[in-house]
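Here is how the chains run, residue by residue.
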Amino acid sequence: MGLGLSAIRLDSTLNLVIVVVLTLLAIIAVPFLWERWRRKVLGRSATILVAVVLVVVSTGMGGNMIGGFFPTVGALFGTGVYSGESVDAVAGQNGSDLDKLRDAGAMRAKEGKGSVVHMTVTGKRTGLTRDVSVYFPPQYYDPAYRSLKFPVIEWIPNYPSGPEVVTGPYEMPAKLDAAIAKHVLPPTLVIIPDPTGKPKVGHDTECIDEVNGTANDTYLSADIRDWAIERLGANPQRKAWTMAGWSSGGYCAMNLVTRHPQWYGQAASVSGYYKASVDAETENLFKGRQDIADANTVTVNLQKHPSPVDILAIAGDKENFESFSIDQIQAAVRAPATLSSWRIPDAGHNMNTFKAQVPDVLAWIGARTVPPCAPQDKKIITNGGVTPWSLPNTGAKGALVDVVE
């Protein structure tokens, strides 16, 4: 069932046109058949119902294409089958058999292309198991790089999407290939975790350790980082780690980096915001705990816990709240943190606004991260001397309280 649903595209212009045509025909059929079926209540009801359903479906598909949320029906229903979602291979649990994929990766590398591998990863602290896709740069399969540790971009998908939106509608692999080939970004591992889990719709976690709930933050920060260092050969230095994202992913990136500066050096946000979104899709994350809400507000983190992190915040000139968020962050930032920001002409909070910024975002990251390098001497402090600040206890299973490097 999952494979079948994953074959039905929701981001196809042709499919949208077909649904729109069917919708128009259904709307026309209502008055055309109304008199003919005046004694057929069931027939009249059926035509109205079909027309209404098709209007909803066509509107939803149009909004989905603009927002780039779900590339397929399978992604919408969270079937977890992403093998057909713009990935090159599927690995075992926690990437247990990645070595078997090296030959195929090396073949793609000869064409200057990285490889995208999908797997599920179980966090050691939280016990959460979620979908994760990883972009391996071409150099990852080069024998000359075999002993080197690679920098990492942890790219957080926008709600309610999963990893497939980054490798699909974002067109991220091709943009990464181009940036690395042009030497504006060093060869970099890009880890794309699912920030939400299942179900997705109505389950917006905002990447937060929920009070007496799911430890989303801990999974995305501590669990994913530890796994990548141990299994993928990621560089443990904090300056080698960047978080990035669009929309809710942009908020997640800025929030998690300012919460965990001992692990991350940079955050890049496109159309993100400075505090957790609270709307009909958001769960009751804080349960009245103002200290937890404050600890997940970027401006509060910057004011109360200034750390040497570099932040990039981008917003469209028609994105009112996102532009307001940049103003708030600008007012809150304190040395040694730095903020780079710019506003861009846009068509609103949508995928096209975001995709146009990806090359510049990658260049910004490339100017600040570290290139692949030999393993550091164990005596070197990988957190760069940054002292973690004490996090409030949320009561979430496996959640971070006092973070110790």
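Placed above this text is the structure.
Here goes a summary of the coordinates provided. (Residues numbered from 1 in each chain as written. Predicted model: local features only at pLDDT ≥ 70, side-chain atom pairs only at ≥ 80, totals over all residues. Heavy atoms only, no water.)

Focus on the overall build of the protein
Here comes step 1: Helix and strand counts for the protein come out as 14 helices and 9 strands.
Here comes step 2: Expressed as a percentage of its 405 residues, the buried residues of the protein come to 57%.
Here comes step 3: In the protein, of all internal contacts separated by at least 6 residues, the share reaching a separation of at least 24 is 77%.
Here comes step 4: For the protein, the accessible surface area stands at approximately 17,200 Å², while carbon and sulfur atoms represent 60% of it. (Helix = DSSP H or I, 4+ residues; strand = E, 2+ residues; numbered from the N terminus. Buried < 20%, exposed > 50% of the residue type's maximum accessible area, 1.4 Å probe, protein only. Contact = heavy atoms within 4.5 Å. Areas by Shrake-Rupley, 256 points an atom, 1.4 Å probe, with all protein chains shown as cover.)

Details of the packing of aromatic side chains
Here comes step 1: Using the criterion set out here, one finds 11 aromatic pairs in the structure.
Here comes step 2: Ring centres 5.5 Å apart and planes at 80° place the aromatic pair Tyr140 and Tyr141 in the edge-to-face group.
Here comes step 3: The class of Tyr141 is buried, set by a relative accessible area of 12%.
Here comes step 4: An aromatic cluster of three or more residues is present, and its members are Phe136, Tyr140, Tyr141, Tyr145 and Phe150.
Here comes step 5: Its end group placed over the ring of Tyr219, Arg130 keeps NZ or CZ at 5.7 Å from the ring centre. (Phe/Tyr/Trp six-rings, centres within 6.5 Å; stacked < 30°, edge-to-face > 60°. Lys NZ or Arg CZ within 6 Å of the ring centre and 35° of its normal.)

Focus: the nonpolar core
Here comes step 1: Among the nonpolar cores identified, the biggest contains 65 residues, and Val134, Phe136, Leu189, Ile191, Trp227 and Leu232 are the most heavily contacted of them.
Here comes step 2: The greatest single-element share of this core, amounting to 7 residues, is contributed by helix α8 (residues 216–232). (Core = buried A, V, L, I, M, F, W, Y, C linked by side-chain atoms within 4.5 Å.)

Some details on the pattern of salt bridges
Here comes step 1: Summed over the entire model, instances satisfying the criterion amount to 11 salt bridges.
Here comes step 2: Ionic pairing is found between Arg125 and Asp226, a salt bridge with its closest N-O pair at 3.7 Å. Of this pair, Arg125 sits in the loop between β2 (115–122) and β3 (129–136) while Asp226 sits in helix α8, placing them 101 residues apart in sequence.
Here comes step 3: You can call Arg125 partly exposed: its relative accessible area is 37%.
Here comes step 4: With a shortest N-O distance of 2.8 Å, Arg289 and Asp291 are connected by a salt bridge.
Here comes step 5: Given a relative accessible area of 28%, Arg289 falls into the partly exposed group.
Here comes step 6: The exposure class assigned to Asp291 is partly exposed, which follows from its relative accessible area of 37%.
Here comes step 7: Several salt bridges converge on common partners, so that one network encompasses Glu171, Lys175 and Lys355. (Salt bridge = Lys/Arg side-chain N within 4 Å of Asp/Glu carboxyl O.)

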